[in-house]
Amino acid sequence: MKKSALFLLSLFSVFAFSQKKWTLQECVSYAVENNLQVIQGNFNNKIQDNILQIAKRQYLPGVSATANIGANFGQGRDTFGTTNRNDNFSNGANVGADILLFNYGRLEKNIRKSQYDVEAGSFDLQKVKDDISLQIAQQYLSILLNREITKISESALQNAENLYKRAKITTEVGTTAQTILAEAESAFAREKQNVKTAEINTNRSLFSLAMLLQLKEYKNFDIQNVALENMLDAPLYSADQIIDKAYENQPQLKAAESRIKSNEAQTEITRTAFWPTISANAGVGTSYFYRLQPINIGGTVIQQRNFFNQFGDNFGQQVGVTANIPIFNKGITRLQVQQSKINEDLAKNALLQSKQDVLQNVQKAQFDAESNYQAYVAATEAEKSSKLANDFAEKSFAAGRATIYDLNAARNNLANAQGSVAQAKYNYLFSMKLLNFYAGIPLSL
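Calculation rules
- Residues numbered from 1 in each chain as written.
- Predicted model: local features only at pLDDT ≥ 70, side-chain atom pairs only at ≥ 80, totals over all residues.
- Heavy atoms only, no water.
- UniProt positions renumbered as here; feature names shortened; annotations may be inferred.
- Pairing = 2+ DSSP bridges.
- Helix = DSSP H or I, 4+ residues; strand = E, 2+ residues; numbered from the N terminus.
- Axes fitted to C-alpha atoms, helices over the stretch in contact; angles between N-to-C directions.
- Phe/Tyr/Trp six-rings, centres within 6.5 Å; stacked < 30°, edge-to-face > 60°.
- Lys NZ or Arg CZ within 6 Å of the ring centre and 35° of its normal.
- Buried < 20%, exposed > 50% of the residue type's maximum accessible area, 1.4 Å probe, protein only.
- Polar contact = N/O pair within 3.5 Å; in protein donor to acceptor, adjacent residues only side chain to side chain.

An unreviewed UniProt entry annotates the chain as TolC family protein of Kaistella gelatinilytica. Per UniProt, the chain has the following entry under Subcellular location (unreviewed entry): "Cell outer membrane". UniProt, in its Sequence similarities (unreviewed entry) section for the chain, records the words "Belongs to the outer membrane factor (OMF) (TC 1.B.17) family."

A. Structural detail: the sheet that holds strand β1 (residues 62-72). Spatially, four strands are ordered β1-β4-β5-β8 in an open sheet, and the strand pairing comes out antiparallel. Looking along the sheet, the strands with just one partner apiece sit at the ends: β1 and β8 (316-324). Going across the sheet, the axis of each strand differs from the next one's by a mean of 20 degrees, ignoring polarity.

B. Focus on the packing of aromatic side chains. One pass over the structure, following the stated rule, counts 11 aromatic pairs. Seen from their ring centres, Phe89 and Tyr288 are 6.2 Å apart, and the 65 degrees between their planes marks the pair as edge-to-face. A residue pair is termed long-range when its members are at least 10 positions apart, and Phe89 in strand β4 (residues 88-102) and Tyr288 in strand β5 (residues 277-291) qualify at 199 residues. Put simply, the rings of Phe89, Tyr288, Phe307, Phe308 and Phe311 pair up and form one aromatic cluster. Over the ring of Trp22 we find Lys20, and its NZ or CZ is 5.4 Å from the ring centre. The cationic tip of Lys355 hangs over the ring face of Tyr247; the distance from NZ or CZ to the ring centre is 5.5 Å.

C. Seen up close, the side chain of Thr333. Within the secondary structure, Thr333 is located in helix α9 (residues 332-398). On the basis of relative accessible area, Thr333 is assigned to the buried category, the value being 5%. Of note is the side chain of Thr333, whose polar atom sits 2.7 Å from the side chain of Asn329.

So, in structure tokens, the structure goes:
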């Protein structure tokens, strides 16, 4: 009974998943939680966080315990040069602790560097999420575009089918030539091919999005259709308006800034090698020793103390302070400081490069948005003219003043114009969303 219930539950889950139509927000949310690059970034961040925790725990004292046990067998010489058997058994135990007293702030500097590394890692992860989100948005719009082109092709197919049926009837009754029917049939076949091509392109776009989401089951994957006409009037920001905002928000810039601070902290850490290190230590311990041969002094056998008595008698404590003072290490520390300064300069240059990349991306997004909008307006005007020409061609063909070739040419021009409008519309919409994304506006449809 339980197995049947589990099977039905699993079957229902698969059915529900197959019927689900994904929104853009759902696609983005799923990707940033399940994408392998994002998961790897999370692991990297956990590693950096552990490094930070290790750096913080360096302030705590280190405590360790040791125990030893051993036995010696064979001949041995005493201090007087006499050779005797020296078979014995011994063991000992001690507990010690040490703590750092002074290292010119190396621990605090190391903690600070680790914190900057954690920040940089989190910004790197956000950059990965942003890149994946943009890819998903672009592919999502590609699906909507191919679906709109499919509708245009289906409309053209319907017109071609109607013309073919009409030509077939008029040819059979002898009012039109056989060439008219042949051309109508040819146009009908071409439109069938266009519809099938558009459907394949739509399925290919769906497959590409499913691969971006890294879904195991992609055949039943589908997205929600979105009405986009009103979105074309959304406010469009210019590069000058948003570049400062982009400099503040883009994670790659924040990551570069954190790495500059991390390298500066590393230079401070390296400089601490010029200073002495002072540490304190303390410990307690005891030992036990037993000779396997009786101790005979002047014919008198010395009784050895037992284990517990020796452990009590030999119990001792020790405290100490150790100073490690650098004197000469072949100039290596000085060279390491110079290398750290070079790494600082590299990090600063990386920030400048990232700023240049962001500036160019914003400027390109603005250029694309403006160009795509102009292309959209021009395509809309061309569509209006093509529609008017198609209306005239249909009326002229019905009145016998235009050939079927003229009608097919007008319909092809209209279909091409409608496709150009759809292409320009989605290109403009994506470039607008991209530009607004740099302005800090989340992706949405």
